[in-house]
Structures are given as structure tokens and as C-alpha cells.
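Commentary on secondary and tertiary structure
What follows is each chain in one-letter form.
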Amino acid sequence: MKYLYLLAPILAFFAILAVYFLIQTNRRPVPHYEPEEFVFDAEEYLRQLQREHKPLGKSGVHRLLLKRTRQKPGVYLESLEPVMDSIGLEIVNVFHSVMGFDYVPVITSGNDWPYHARMSKHYQNKAIDFRIKFLLNEEKKSIVELATKKLEGRARVIWEKGSMEHLHVELLD
Ligand SMILES: [Zn+2]
């Protein structure tokens, strides 16, 4: 007990030390944010889309599809089946993996065009068309292949050729 009187200064010393470290910690400069060079990763993008789907809700997914695409004037998509919004976004992802992330696919038809076959799924809001006619043949091929694989069992992907060439995507029954 002889050295008990030393306890007070020692405790005081550590208290001051603690305060000093707290101040130093607060003084540390805010780390500067250096955005890394953007590298597009199609798989990561798809995962992101899938994460976005749930909290977004139906109308959110629809808005996302409209945002990620351009639409030819007159295209009517407002009554599109919600599942077609998701399928549309997956097609957008396919375009991105072939054409790069900056590519904005164009939807050329929904439930609008009077020239589809009478029983066409377009009139049931279960089909959309994408523009592909200005792409290279190799790009078209890759897009059709990837889309077909990705939507297997859920949607039919048809490469409509000829003067009205486009990519037709319709929901399977
Ligand atoms: Zn079509």
C-alpha cells in the first residue's frame, strides 16, 4: 500500500493519453474517394438487376425497363405483363454483354403495331420487339444465342429476318 499514491498520477496519465488518441483519431483526414476505373461485368450487372427486382415492385421494374431502353415512337408498353418487364431487362443485359454497357437497346414494338399476326402475343401484352437491324451479323447471332439460352423455358426468342428485321421475344404459355 506504500505506493498507492502513485496510482492517481498513473491513471491521470492514461486518461490524458486516451483523450489525446481520441482527438488524433478525429483529426484524421477524410479519406479521398478515388473511383476505380469502371469495368463492366455482365454477370454482376445481372445479379444487380435481380437484387433490384424485389424491392422495386412491378411498376419499378417497368420503369427500369423504360429507363434502360429507348422506345420507338408509338410503342405501347403500359399494359405489358409484369413478367415481360423482367424478361425485357434480361434482354437488355444480353445487349449489354454483347454490345457493351453503354449500348441502349431500342424497343420497336409492344402492343401497338397493327401488322402482327392476329393471334400474336403482342396483343396480349406478352411480346416485345427489339431493334437489331443496324448491328453486325456476328452481334445479332450472339444476342439471339445468349437470349435464347437465358430465357429457355420462359420465353421464346425469334430472330425475325427480312426487311422488318427485329428480335421478337414472347412469353411462353
Ligand atoms: Zn414481335
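Bear in mind that the values here come from a model prediction, so they are computed numbers and not experimental data. (Residues numbered from 1 in each chain as written. Predicted model: local features only at pLDDT ≥ 70, side-chain atom pairs only at ≥ 80, totals over all residues. Heavy atoms only, no water.)

1. Focus on helix α4 (residues 137-150)
In plain terms, the rule: In DSSP terms, a helix is any run of H or I states spanning at least four residues, a strand is any run of E spanning at least two, and both are numbered starting from the N terminus. Each helix should span, by expectation, one fewer than its residue count multiplied by 1.5 Å. Every residue pair with non-hydrogen atoms within 4.5 Å of one another is taken to be in contact.
If you check α4, its first and last C-alpha atoms are 20 Å apart, about what 14 residues at 1.5 Å a residue would give, namely 20 Å. In this structure, the buried side of α4 is in contact with α3 (82-99), β4 (155-160) and β5 (166-171).

2. Some points on the packing of aromatic side chains
So the rule is basically this: To pair, rings of Phe, Tyr and Trp, with the six-membered ring standing in for Trp, must have centres within 6.5 Å; the planes then decide the type, stacked if under 30 degrees apart, edge-to-face if over 60, and tilted in the middle. To sort residues, take the accessible area from a 1.4 Å probe on protein chains only and compare it with the maximum for the residue type: under 20% means buried, over 50% means exposed, and anything in between is partly exposed.
Considering all chains together, one arrives at two aromatic pairs under this definition. A centroid spacing of 5.6 Å and a plane angle of 5° characterise the contact between F95 and Y103, whose relative ring orientation is stacked. We classify Y103 as partly exposed; its relative accessible area is 24%. Look at F95 and F130: their rings are 5.6 Å apart centre to centre, the planes differ by 35°, and that puts the pair in the tilted class. Here the residue F95 occupies a position in helix α3, and F130 occupies one in strand β3 (residues 127-130), the gap between them amounting to 35 residues.

3. So, the coordination of the zinc ion
Between any two of four tetrahedral donors, the ideal angle at the metal is 109.5 degrees; between two of six octahedral donors, it is 90 or 180 degrees. Put simply, the test is: The rule for donors is simple: N, O or S, within 2.8 Å of the metal, or within 3.2 Å if the metal is Na, K or Ca. Water isn't counted, so a site may look like it is missing partners. Think of it this way: with four donors and all angles in the 85 to 135 degree range, the site is tetrahedral; with four or six donors, opposite ones beyond 155 degrees and the rest between 65 and 115, it is square planar or octahedral; otherwise it is irregular.
Note on the zinc ion: its protein donors are H122 (NE2), D129 (OD), D129 (OD) and H168 (ND1). The metal-donor distances range over 2.0 to 2.7 Å. The coordination sphere of the zinc ion comprises four donor atoms, whose angles at the metal cover 53 to 154°; the geometry is irregular. As a motif over one chain, the donors of the zinc ion read H-x6-D-x38-H. With a gap of 39 residues between them, D129 in strand β3 and H168 in strand β5 connect regions that are remote in the sequence.

4. Some details on the pairing of β3
Just so we agree on the cut-off: Two strands form a pair only when DSSP identifies at least two bridges running between them.
Where burial is concerned, the two faces of β3 agree: the one with A127 and D129 and the one with I128 and F130 are both buried. Here strand β2 (residues 106-109) pairs with β3 via two bridges, running antiparallel. Of the residues in β3, the one forming a bridge with I107 is F130. Both β3 and β5 contribute to a ladder of four bridges, which runs antiparallel. Across the sheet, residue D129 finds its bridge partner in β5, namely H168.

5. Section: the packing of α3 against α4
To keep it simple, the criterion reads: Axes, fitted as lines to C-alpha atoms, cover a helix only where it is in contact. Angles between the N-to-C directions of the axes lie from 0 to 180 degrees. For classification purposes, an angle smaller than 35 degrees is called roughly parallel, one larger than 145 roughly antiparallel, one from 65 to 115 roughly perpendicular, and anything else oblique. By definition, any crossing whose near helix is turned counterclockwise from its far helix by less than a right angle is left-handed, and any crossing with a clockwise turn is right-handed.
For the pair α3 and α4, interaxial distance at closest approach is 9 Å and the crossing angle is 140°. Between α3 and α4, the angle falls in the class oblique. Crossing hand, α3 versus α4: right-handed. For the pair α3 and α4, the contacting residues are E90, I91, N93, V94, F95, S97, V98 and M99 in the first and E139, S142, I143, L146, A147 and K150 in the second.

6. Some details on the nonpolar core
What counts, and what does not: We call a set of buried Ala, Val, Leu, Ile, Met, Phe, Trp, Tyr and Cys residues a nonpolar core when their side-chain atoms join them within 4.5 Å.
Counting residues in hydrophobic clusters, the biggest one holds 28 residues, and the most contacted among them are I91, F95, F130, L167 and V169. Those elements giving two or more residues to this core turn out to be α2 (42-68), α3, β3, α4, β4 and β5. If you tally residues by element for this core, the top one is α3, at seven residues. F95 has contacts with G100, Y103, P105, F130, R131, I132, L135, I143 and L167, leaving out every residue within four places of it along the chain.

7. Focus on the pattern of salt bridges
Rules: Definition used for salt bridges: Asp or Glu carboxyl oxygen within 4 Å of a side-chain nitrogen of Lys or Arg.
One pass over the structure, following the stated rule, counts five salt bridges. Taking the shortest distance from any N to any O, the salt bridge between R154 and E90 comes out at 3.0 Å. Remark: E90 occurs in helix α3 and R154 occurs in the loop between α4 and β4; sequence separation between them is 64 residues. E90 sits in the buried class, given a relative accessible area of 10%.

8. Quick word on a nonpolar patch on the surface
Just so we agree on the cut-off: In this scheme, patches are assembled from residues that exceed 30% relative accessible area and form no salt bridge. Like charges are connected within 9 Å, while nonpolar side chains (Val, Leu, Ile, Met, Phe, Trp, Tyr) are connected within 5 Å. Note that accessible areas follow from Shrake-Rupley with a 1.4 Å probe, and for residues the cover is restricted to the protein chains shown.
On the surface, a nonpolar cluster with roughly 1000 Å² of combined accessible area is contributed by Y3, Y5, L6, I10, F13, F14, L17, Y20 and F21. On the secondary structure map, Y5 appears in helix α1 (residues 4-27). Among the residues examined, Y5 registers a relative accessible area of 58% and is labelled exposed.

Nothing here speaks to function; it is geometry throughout.
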